[in-house]
Amino acid sequence: MPEAGTAGPGMSEAGPAGSGERLRRWRLVLGGDAADGTGYPLDGRDAAMDGALTALYGTPQGKEHKPSRGRERSAGLGASAPSVARWLGDIRTYFPSSVVQIMQRDAVDRLGLAALLLEPELLEAVEPDVHLVGTLLSLNRAMPETTRRTARAVVRRVVEDLEKRLAARTRATLTGALDRSARISRPRHHAIDWNRTIAANLRHYLPEHGTVVPERLIGHGRASRSVRKDIVLCVDQSGSMAASVVYAAVFAAVLASMRSVSTRLVVFDTAVVDLTDQLEDPVDVLLGTRLGGGTDINRALSYCQSRITRPTETVVVLISDLYEGGIRNEMLQRVAAMKASGVQFVALLALSDEGAPAHDREHAAALAALGAPAFACTPDLFPEVMAAAIEKRPLPIPETA
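Residues numbered from 1 in each chain as written. Predicted model: local features only at pLDDT ≥ 70, side-chain atom pairs only at ≥ 80, totals over all residues. Heavy atoms only, no water.

**So, the overall build of the protein chain**
Okay, so step 1: Summing up its helical and strand segments, the protein chain has 14 helices and ten strands in all.
Okay, so step 2: Counting over 401 residues, the protein chain shows a buried share of 46%.
Okay, so step 3: Residue pairs at least 24 apart in sequence account for 71% of intrachain contacts in the protein chain once pairs closer than 6 positions are excluded. (Helix = DSSP H or I, 4+ residues; strand = E, 2+ residues; numbered from the N terminus. Buried < 20%, exposed > 50% of the residue type's maximum accessible area, 1.4 Å probe, protein only. Contact = heavy atoms within 4.5 Å.)

**Looking at the pattern of salt bridges**
Okay, so step 1: Inspection of the entire model under this criterion finds 14 salt bridges.
Okay, so step 2: Among the salt bridges present, the one from Arg152 reaches Asp281, with a minimum N-O distance of 3.8 Å. Taken as a pair, Arg152 in helix α7 (residues 145–181) and Asp281 in the loop between β7 (272–274) and α10 (282–287) lie far apart in primary sequence, 129 residues in all.
Okay, so step 3: Relative accessible area serves as the criterion here: at 30%, Arg152 is assigned to the partly exposed category.
Okay, so step 4: Its salt-bridge partner being Glu362, residue Arg328 comes within 3.6 Å of it at the nearest N-O pair. Here the residue Arg328 occupies a position in helix α12 (residues 328–340), and Glu362 occupies one in helix α13 (residues 361–369), the gap between them amounting to 34 residues.
Okay, so step 5: Accessibility expressed as a relative area gives 54% for Glu362, which makes it exposed. (Salt bridge = Lys/Arg side-chain N within 4 Å of Asp/Glu carboxyl O.)

**Here's the deal with the side chain of Thr147**
Okay, so step 1: Checked against the element boundaries, Thr147 lands in helix α7.
Okay, so step 2: Leave out the neighbours within four places in its chain, and Thr147 touches Leu117, Leu118, Glu119, Pro120 and Leu123.

**With respect to the pairing of strand β8 (residues 314–319)**
Okay, so step 1: With six of six residues buried, β8 lies mostly within the body of the structure.
Okay, so step 2: Burial along β8 is two-sided: Thr314, Val316 and Leu318 and Val315, Val317 and Ile319, pointing in opposite directions, are all buried.
Okay, so step 3: Relative to β8, strand β5 (residues 229–236) runs parallel, the two being bridged by six bridges. When the bridges of β8 are listed, Val232 appears paired with Val316. (Pairing = 2+ DSSP bridges.)

**A short note on the pairing of strand β6 (residues 261–268)**
Okay, so step 1: Extensive coverage of β6 is indicated by the burial of six of its eight residues.
Okay, so step 2: Handedness of the β5-helix α9 (residues 242–256)-β6 crossover: right-handed.
Okay, so step 3: Two elements, β6 and β7, share three bridges in a ladder whose sense is antiparallel. Bridging across to β7, Phe268 finds its partner in Val272.
Okay, so step 4: Connecting the antiparallel pair β6 and β7 is a turn made up of three residues. (Right-handed = clockwise from strand over helix to strand, strands pointing away.)

**Description of the packing of α12 against α13**
Okay, so step 1: One can describe the packing of α12 onto α13 by two numbers: an axis separation of 10 Å at closest approach and a directional angle of 30°. The angle between α12 and α13 falls in the class roughly parallel. Handedness of the α12/α13 crossing: right-handed. The residues of α13 that touch α12, namely those facing Arg328, Met331, Leu332 and Val335, are Glu362, His363, Ala366 and Leu367.
Okay, so step 2: Looking at the contact of α12 with α13, its residues break down into five nonpolar, one polar and two charged. (Axes fitted to C-alpha atoms, helices over the stretch in contact; angles between N-to-C directions. Parallel < 35°, antiparallel > 145°, perpendicular 65-115°, else oblique. Left-handed = near helix turned anticlockwise from the far one by under 90°. Nonpolar A, V, L, I, M, F, W, Y, C, P; charged D, E, K, R; others polar.)

**Some thoughts on the confidence of the model for the protein chain**
Okay, so step 1: The pLDDT averaged across the protein chain works out to 81; a share of 81% of its residues lies at or above 70.
Okay, so step 2: Taking the mean pLDDT of every element in the protein chain, the minimum, 56, falls on strand β1 (residues 183–184) and the maximum, 98, on β8.
Okay, so step 3: Under a pLDDT of 50 for its full length, residues 1–16 has, in the predicted model, 30 contacts with residues more than four places off or in other chains.
Okay, so step 4: This stretch, residues 60–75, has a pLDDT under 50; its non-local contacts, to residues over four places away or in other chains, come to 21 contacts. (pLDDT = per-residue confidence, 0-100.)

**Here's the deal with the sheet that holds β8**
Okay, so step 1: Strand order in the open sheet formed by six strands is β7-β6-β5-β8-β9-β10, with mixed pairing between adjacent strands. Strand pairing shows two members of the sheet lacking a second neighbour, β7 and β10 (374–377), which therefore form its edges. Across the sheet, the axes of successive neighbouring strands diverge by a mean angle of 25°, strand direction being ignored.
Okay, so step 2: Summarising the sheet, β8 and strand β9 (residues 344–351) pair through five bridges and their orientation is parallel. Within β9, the position partnered with Val315 by the bridge is Gln344.

**Notes on unusual backbone geometry**
Peptide bonds are, in most cases, trans, and in most cases residues other than glycine have a negative phi.
Okay, so step 1: Of note, the phi angle at Leu322 is positive, near 70°, even though the residue is not glycine.
Okay, so step 2: Structurally, Leu322 is set in the loop between β8 and α12.
Okay, so step 3: Here Leu322 falls in the buried class, since its relative accessible area comes to 1%.
Okay, so step 4: One non-glycine residue, Lys392, adopts positive backbone phi at about 60°.
Okay, so step 5: Among the secondary structure elements, Lys392 is positioned in the segment after α14 (382–391).
Okay, so step 6: Residue Lys392 is classed as partly exposed on the basis of its relative accessible area of 43%.

Written out as structure tokens, the structure reads:
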């Protein structure tokens, strides 16, 4: 809570003013129940902040306080769109954007306010972020037409922010990888890889002239308009993968904008949907998904496998928590067959900033045994993962994986 500071028990602040500030901070943290022990009154901005926090995390007046398990507490926002809209305005006034996004997420999860996001007035008051988009996608089928336009605008704001953050670096990283993967043995002067050429010809060094005579030139071709690599993103759209679906759609659109790669986006639960023809607009892609339902990885990989025409030039990226509802052994056999044919296979447990989610560890271990270790990947690391796969070198797996 940035406004409340960070002081805690045992932290020394000199003088009466320091003691009062310490009590103020603890009063804001503890919430003012009789048991908080501070006895510190709040007024003005502090009282307003405390009210916003109590509405979400506190015990409503008139209800007996009961011991809770963990963070399980009741709250007092009520199920009315006007009161929630006012509360959303309050938290945006008193807290920074990163805290607002966490509080919004808690309000949806703890108070069951997802249904209220179907009202346009409320959607206009929220702070857009990846998790909010995930919630909207899960409500897509229940969304009335009056809300759909507002929801689309919210999704577009988040997508545009992500594209600004990720697109340029992704294109630059993958373009470099494509150039390096297209090395040629008789390069033109502008395409010579001088570092590798010098290293390969050091035995031809002439000390009297202070130079190396290159007997063999090593170069890399520039990425041309021809398609050099085929990339297939196969994305689990079960409810737990919401953030990964959002990031995957953005990356798929960025990859689709590159002439030297052919990009296919496949999303799946128990059914398989190919969204490749919508990649020009990631918003259309996201609104074409249907979060929730079961998972059939085997069926999805079967579809992807049937679309591979150049296995040695293909990268398949499976993004899933690996909880398989289909035929487990067939799923693993498909992965083994693709790798044996020359496909570069990447398994990501998540594509988000949240770290590794709950996942099927047995399936992850089975994939690792096939030479396809499964790990969570942040959006910032994803371009490096794709570059490594394109160049057929070891993947930059995080140490925490």
